[in-house]
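# Summary of structural features
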Amino acid sequence: MDKVVWWEVETTDPELFQQFHAALSGWSFEPAFEDTELGADYWIIKAGDRGIGGLQRADPSAPPPSAGPRLYVAVDDLEAGLDRVAALGGLVERSRVALGGADRWFGIFRDPTGVSFGMWTGHATRP
C-alpha cells in the first residue's frame, strides 16, 4: 500500500466546510452519488478540473471523530496561509514547526467545522 488514491472528510456542516475551503484553497465542490445506492449527502472536492477527495455530511447525532488522518497541503508562504486561515474563521493550532532538513516546515489548523488540516512548506522562512 504505497499510493493514496482518495481522501474523505465528514462534517456536520459541509456547507461551512465548502465556504471556508473555497476561500482558502480555491477548491470547488460538485454534488455526487445522490441517486446511487450510497444515497449520501456527498460532494467531490475539486482542485481545478481534478477530483482530489470527498466531502460527506456526518450524522449530527454521531460523536465527532477523535482520531484519524490529517491532510497536509503544500504552500509557498506558510505564515500567509495560516494568517488566511485565521481571517476566514479557522483556528491556528500550531504555527511554523521545523522538523530539520531542507524541506520540513509545517503548521496545523482547524477549519470552522472542526476538521484538522496541516500546511507544509519547503521554505525555511517566508519567501
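Residues numbered from 1 in each chain as written. Predicted model: local features only at pLDDT ≥ 70, side-chain atom pairs only at ≥ 80, totals over all residues. Heavy atoms only, no water.

Tracing the backbone through its elements, the reader meets Lys46 in strand S3 (residues 42-47). Polar side-chain contacts of Lys46 include one of 3.2 Å to the side chain of Glu30. With near-sequence residues (within four places) excluded, Lys46 lies in contact with Trp27, Ser28, Glu30 and Gly51. (Helix = DSSP H or I, 4+ residues; strand = E, 2+ residues; numbered from the N terminus. Polar contact = N/O pair within 3.5 Å; in protein donor to acceptor, adjacent residues only side chain to side chain. Contact = heavy atoms within 4.5 Å.)

Position of Arg70 relative to the elements: it lies in the loop between strand S4 (50-57) and strand S5 (71-74). Since its relative accessible area comes to 35%, Arg70 is described here as partly exposed. Taking the C-alpha atoms as reference points, Arg70 and Gly118, separated by 48 residues in sequence, lie 6.8 Å from one another. With near-sequence residues (within four places) excluded, Arg70 lies in contact with Ile108, Ser116, Phe117 and Gly118. (Buried < 20%, exposed > 50% of the residue type's maximum accessible area, 1.4 Å probe, protein only.)

Once that is clear, we can look at the pattern of salt bridges. As enumerated under the stated definition, the model contains six salt bridges in all. Notably, a salt bridge pairs Arg57 with Asp41, separated by 2.4 Å at the nearest N-O pair. Linking Arg57 in strand S4 with Asp41 in the loop between strand S2 (28-32) and S3, this pair joins segments that are 16 residues apart in sequence. Classification of Arg57 as partly exposed rests on a relative accessible area of 29%. On the accessibility criterion, Asp41 (35% relative accessible area) is partly exposed. With a shortest N-O distance of 3.2 Å, Asp77 and Arg126 are connected by a salt bridge. (Salt bridge = Lys/Arg side-chain N within 4 Å of Asp/Glu carboxyl O.)

Strands sit in the order S1-S4-S3-S2 across an open sheet of four strands; the sheet is mixed. Two strands in the sheet have a free side with no partner beyond their single neighbour: strand S1 (8-11) and S2. Each strand of the sheet is rotated relative to its neighbour by a mean of 30°, with strand direction disregarded. As judged from the six bridges shared by S3 and S4, these two strands associate in the antiparallel manner. (Pairing = 2+ DSSP bridges. Axes fitted to C-alpha atoms, helices over the stretch in contact; angles between N-to-C directions.)

Contact pair helix H1 (residues 14-25) / helix H2 (residues 78-87): the axes reach a minimum separation of 10 Å and the direction vectors enclose 150°. Classed by the angle they form, the pair H1 and H2 counts as roughly antiparallel. Where H1 crosses over H2, the handedness of that crossing is right-handed. Where H1 approaches H2, its residues Phe20, Ala23 and Leu24 are matched on the opposing element by Gly81, Arg84 and Val85. Tallied by class, the residues present in the contact of H1 with H2 amount to four nonpolar, one polar and one charged. (Parallel < 35°, antiparallel > 145°, perpendicular 65-115°, else oblique. Left-handed = near helix turned anticlockwise from the far one by under 90°. Nonpolar A, V, L, I, M, F, W, Y, C, P; charged D, E, K, R; others polar.)

We now examine a nonpolar patch on the surface. Taken together, the side chains of Tyr72, Leu99 and Trp120 present a nonpolar region at the surface, about 280 Å² in accessible area. A relative accessible area of 32% means that Trp120 is categorised as partly exposed. (Patch = residues over 30% accessible without salt bridge, like charges linked within 9 Å, V, L, I, M, F, W, Y side chains within 5 Å. Areas by Shrake-Rupley, 256 points an atom, 1.4 Å probe, with all protein chains shown as cover.)

Our next topic: H2. Leu78, Gly81, Leu82 and Val85 are the residues of H2 that are buried. The buried residues of H2 occupy an angular sector of 95° when the element is viewed end-on, so they sit on one face. You can read the cap of H2 off the contacts: a side-chain oxygen lies 3.3 Å from the backbone nitrogen of Glu79, and it is on Asp77. After H2 finishes, the residue Gly89 shows a positive phi value of roughly 100°. (Arc of directions from axis to C-beta.)

Purely geometric numbers; function is a separate question.
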